[in-house]
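In case you want the letters, here they are:
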Amino acid sequence: MVAIESLVFLASQFESLLPYLESLIPDAKRSFLTQFFSHTVNTAHELRKPVYYGIATKAIAYDQVLQSMASVKWDIREIMSQHDAYVDLLLQEFIKFKQLQSAIDRSSYVHIPPQPHSMLWEYAIRLANKTFVEGFAQAKKCSNEGRALMQLDFQQYRTKIEKLSSIRPIPNHAYVEDYIKAYYLSETDTEEWLRKHKQEYTVKQLQSLVLSGVGTRVNKKSRQRLLASIEELDKRK
């Protein structure tokens, strides 16, 4: 983090010096300066994205949350009023994440600027959203009550994380909400939904959606046709 922010600071200094540098360089050599700024200086800010995304992947124990989700029974027969324990586990990870950032900010050696601070939260939340969908896709069987529990779990998480992060609404929340809602779709609507969202979800996630969603309400031939369409859509990516 210190290295990338130092690089961004140096790039900003070069940007402030650009008018002065242009006045020193002959017109015939101006193209070299332009190339240096476009290929080197201007790309320094873009390096934040892969660096902070990498930090976000290590900041939260997503695998531990996913393992906890694997033990949840989604084929329940009653509407639950209490969210599952994995939601609290995930939120506790984010609390520690925030505490660590606060501790760094309080130190006299390092301070996290506002933009990378926001980027860290955004990437961590996006990765958590992916964990929700991957966890839901692990379900072998899922009842209507189980889908209601999925909605309850994600709503509880969303409410708490928006308060914790001060980001409202959280990024990419529709990615999870659309996946849950797709369980309720008819055969025709599911087929259209698969075509529309083929780039957003993995083949495994789409197959799980069919098998534990509309696939439980249609005959074997229709189910196999939907699964085959997923394979075909994947080939066209």
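Higher on the page you've got the structure.
Residues numbered from 1 in each chain as written. Predicted model: local features only at pLDDT ≥ 70, side-chain atom pairs only at ≥ 80, totals over all residues. Heavy atoms only, no water.

Enquirer: So what about the pattern of salt bridges? Which residues, and what values?
Expert: When the charged atoms of two side chains lie near each other, side chains of opposite charge can form a pair. One pass over the full model with this rule turns up 11 salt bridges. R158 serves as the salt-bridge partner of E162, at 3.0 Å between the closest nitrogen and oxygen. Of this pair, E162 and R158 both sit in helix 7 (residues 144-165), 4 residues apart, which is roughly one turn of that helix. Under the relative-accessibility criterion, E162 is labelled buried at 13%. (Salt bridge = Lys/Arg side-chain N within 4 Å of Asp/Glu carboxyl O. Helix = DSSP H or I, 4+ residues; strand = E, 2+ residues; numbered from the N terminus. Buried < 20%, exposed > 50% of the residue type's maximum accessible area, 1.4 Å probe, protein only.)

Enquirer: Give a detailed account of the side chain of E177, specifying residues and quantitative values.
Expert: One can find E177 in helix 8 (residues 173-182). Classification of E177 as buried rests on a relative accessible area of 18%. A distance of 2.8 Å separates the side chain of E177 from the side chain of R158, its partner in a polar contact. (Polar contact = N/O pair within 3.5 Å; in protein donor to acceptor, adjacent residues only side chain to side chain.)

Enquirer: Any details on helix 1 (residues 2-24)? Residues and values, ideally.
Expert: Look at helix 1: 32 Å from first C-alpha to last across 23 residues, which is about the 33 Å you get at 1.5 Å a residue. At L18, helix 1 shows its maximal bend, which comes to roughly 50°, and the proline P19 appears one to four places after that position. Where helix 1 is concerned, the buried positions are I4, E5, V8 and A11. In this structure, the buried residues of helix 1 make contact with helix 2 (30-41), helix 3 (48-59) and helix 6 (114-137). (Expected span 1.5 Å × (residues − 1). Bend = angle between axes of the 7 residues up to and from the residue. Contact = heavy atoms within 4.5 Å.)

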